[in-house]
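Take a look at the letters that make up each chain.
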Amino acid sequence: MDDICCIGHITLDKIVTPRKTTYMPGGTSYYFSHGISHLKDTKHYQLVTALAPSEFKAVEDIRAKGIRVTVIPSQRTVYFENTYGENQDNRSQRVLAKADPFTVEQLQNINAHIFHLGSLLADDFSLDVIKYLAGKGLLSLDVQGYLREVQNEEVLAVDWAEKEEALKYIHILKANEHEMEVLTQCSDPYDAAVKLADWGVKEVLLTLGDKGSLIY
């Protein structure tokens, strides 16, 4: 059994700035795995991802770093277009393609003490998948994807309709200052953390930009 398993889509990212356009792989699971690769012992870590064959080079790059990767077939790769202005904090985002969501059936043979869910879009992981994985190990969640809904390629900020039911199963939750406010309607990080804990989260990690982080 693995110590940690990260599950999430590797993306194809189109980065548009006033000076150039760049294409590169991305996504929570991609960067998470690159971070893990710098640790001394990676043999008890696994990445589970889904992407189209046209983007398999990103998987080979991770494997070359000594990371085990399980690829679930998908007709498409998640394709983000991120456009930045002169101020890098100003970003507009479109989703030009979506990969297939992860299912309980696909994860039957995946076992770990801790699962980190790298959600990118609202339908990546259903409530059924959350409940199923919580029966196998501790769940860690980057909540950003549950607050992104795609309509006609545009990414809309939405609340997570099933949050109070789902958060009962989440051991560690990561959110930034904007996401915490959408989830809890609290602008004060301490109040937001307490509310998330009341919904069942055991460890709340809030990242607050240049103000640092808060762990409750």
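Summary of the structure given here. (Residues numbered from 1 in each chain as written. Predicted model: local features only at pLDDT ≥ 70, side-chain atom pairs only at ≥ 80, totals over all residues. Heavy atoms only, no water.)

### Some words on the packing of helix 5 (residues 177–184) against helix 6 (residues 189–198)
Under the convention used in this document: For helices, the axis comes from a line fit to the C-alpha atoms of the stretch in contact; other axes are also lines fit to C-alpha atoms, and the angle between any two N-to-C directions lies between 0 and 180 degrees. Strands here are runs of E lasting at least two residues and helices are runs of H or I lasting at least four, both read from the DSSP assignment and numbered beginning at the N terminus. Put simply, angles under 35 degrees are roughly parallel, angles over 145 are roughly antiparallel, angles from 65 to 115 are roughly perpendicular, and the rest are oblique. Take the far helix as the reference: if the near one is turned anticlockwise from it by less than a right angle, the crossing is left-handed, and if turned clockwise, right-handed. By definition in these notes, contact holds between two residues if any of their heavy atoms fall within 4.5 Å.
Between helix 5 and helix 6, whose axes approach to 10 Å, the crossing angle comes to 55°. On the basis of their axis angle, the class for helix 5 and helix 6 is oblique. Of the two possible hands of crossing, helix 5 and helix 6 adopt the one that is left-handed. Across from M180, L183 and T184 in helix 5, the residues of helix 6 making contact are P189, A192, K195 and L196.

### Digging into the pairing of strand 12 (residues 172–176)
How we decide: Between any two strands, at least two bridges found by DSSP are needed for them to pair.
With three bridges joining them, strand 9 (residues 138–142) and strand 12 adopt parallel strand pairing. Along strand 12, the bridge assignment pairs S140 with I172. Sheet topology places strand 12 next to strand 13 (residues 203–207); five bridges connect them, and they run parallel. Bridge assignment links K174 to a residue of strand 13, and that residue is L205.

### Focus: the pairing of strand 8 (residues 112–118)
Inclusion rule: Burial classes: relative accessible area under 20% of the type maximum marks a residue as buried, over 50% as exposed, and values in between as partly exposed (1.4 Å probe, protein chains only). When the strands point away from the viewer and the connection leading from the first strand across the helix to the second strand turns clockwise, the crossover is called right-handed.
For strand 8, the tally of buried residues reaches five of seven residues, placing the bulk of the element in the interior. Here strand 1 (residues 2–7) runs beside strand 8; their pairing, made up of five bridges, is parallel. Among the inter-strand pairings, D2 is bridged to a residue of strand 8, identified as A112. For the segment spanning strand 8, helix 3 (residues 127–134) and strand 9, crossover handedness is right-handed.

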